[in-house]
Amino acid sequence: MSRHGDISSSPDTVGVCVFQYPMPRLHTNEEVFENAKKICDIVKGTKMGLPGMDLIVFPEYSTMGIMYDRDEMFDTACAIPGPLTDMFGEACKEAGGWGVF
């Protein structure tokens with residue numbers, strides 16, 4: 001049974017949260033990883049506040065940001081699977097949910 005303000009979840013439904021995240025402007029790998037850490041904290045915090053949430057969805061560009069410089073884009077590209085996907089996987093495991101990043 002859900003509480004007021006919670007996302008409902010049951011054996012035959014999925015509680016979904018579509019998170020509105022501002023599109024960052026990132027330039028370095030360090031900034032990308034710092035942003036990923038913020039997203040991981042949001043995943044865990046949102047699950048804590050909305051325990052019925054099974055799935056959290058972030059908008060496009062939320063992870064890597066939008067880049068207009070070709071060199072920056074290639075310099076900050078990530079491998080899949082890799083360190084960033086590992087971070088997101090661990091955050092979802094800790095929170096007990098799933099994510100789309």
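As a reminder, the structure under discussion sits directly above these lines.
Caption draft 1: Representation of the sheet that holds strand S2 (residues 55–57) in the model. Here we have 3 strands laid out as an open sheet, ordered S1-S2-S3, and parallel in their pairing. Edge positions in the open sheet fall to strand S1 (16–18) and strand S3 (98–100), since each of these has one partner strand only. Strand-to-strand twist in this sheet, taken as the mean axis angle between neighbours without regard to direction, amounts to 15°. Two strands pair when backbone bridges link them, and S1 and S2 are joined in this way by 3 bridges, in the parallel orientation. Each bridged residue has a counterpart across the sheet, and for Val18 the counterpart in S2 is Val57.

Caption draft 2: A look at the pattern of salt bridges. In the structure shown here, the tally under the stated rule is 3 salt bridges. For Glu34, the salt bridge goes to Lys37, with nearest N and O atoms at 3.3 Å. Here the residue Glu34 and the residue Lys37 both occupy positions in helix H1 (residues 29–49), the gap between them amounting to 3 residues, near one helical turn. The partly exposed category is assigned to Lys37, whose relative accessible area is 43%. A salt bridge links Glu94 to Lys44; its shortest N-O distance comes to 3.3 Å. Of this pair, Glu94 sits in helix H3 (residues 83–95) while Lys44 sits in helix H1, placing them 50 residues apart in sequence.

What counts, and where the lines are drawn
Residues numbered from 1 in each chain as written. Predicted model: local features only at pLDDT ≥ 70, side-chain atom pairs only at ≥ 80, totals over all residues. Heavy atoms only, no water. Pairing = 2+ DSSP bridges. Helix = DSSP H or I, 4+ residues; strand = E, 2+ residues; numbered from the N terminus. Axes fitted to C-alpha atoms, helices over the stretch in contact; angles between N-to-C directions. Salt bridge = Lys/Arg side-chain N within 4 Å of Asp/Glu carboxyl O. Buried < 20%, exposed > 50% of the residue type's maximum accessible area, 1.4 Å probe, protein only.

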